[in-house]
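# Structural characterization, general
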Amino acid sequence: MVSIRAKIKSRLEKFLEVDSNGYRRAILCIFIKVKKATIDELHEMLSSKYNVSRNTVASMVGYIHSKLGILRAHKESYKTPMVYLLREEYIDLIMKIVASPEKTINDSTA
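A few points on the structure. (Residues numbered from 1 in each chain as written. Predicted model: local features only at pLDDT ≥ 70, side-chain atom pairs only at ≥ 80, totals over all residues. Heavy atoms only, no water.)

Residue Lys 35 is not a glycine yet carries a positive backbone phi of 70°. Take Lys 35: it is sitting in the loop between helix H2 (23-34) and strand S1 (36-37). (Helix = DSSP H or I, 4+ residues; strand = E, 2+ residues; numbered from the N terminus.)

Between H2 and helix H4 (residues 54-68), the least distance of the axes is 11 Å, while the angle of their chain directions is 70°. Considering their axes alone, H2 and H4 lie roughly perpendicular with respect to each other. Handedness of the H2/H4 crossing: right-handed. In this structure, H2 uses Tyr 23, Arg 24, Ile 27, Leu 28 and Phe 31 to contact H4, whose residues at the interface are Thr 56, Val 57, Met 60, Val 61 and Ile 64. (Axes fitted to C-alpha atoms, helices over the stretch in contact; angles between N-to-C directions. Parallel < 35°, antiparallel > 145°, perpendicular 65-115°, else oblique. Left-handed = near helix turned anticlockwise from the far one by under 90°. Contact = heavy atoms within 4.5 Å.)

Structure below.
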């Protein structure tokens, strides 16, 4: 039986394989640094480096939360924005995968 960490590692690697413009890796790096953030905060941080829309950021965070399982979501009340928190038990795994060299198309065909 495959462990949850192994499944998350596999999903993270696949998630980053298709990261053609660097948004996905950047958003994971931001989460490693700040540990928790809202969509608006993430968009502000990412838009300083990339030309990215708020909807793109929200979509990526939603995918990371629902499919990868490395984020927790918390909402104080119905008037406040959703706050996403990086799960402590996966920080080391994420750091290792994000720090690994990016695979390019040339690497896979060589």
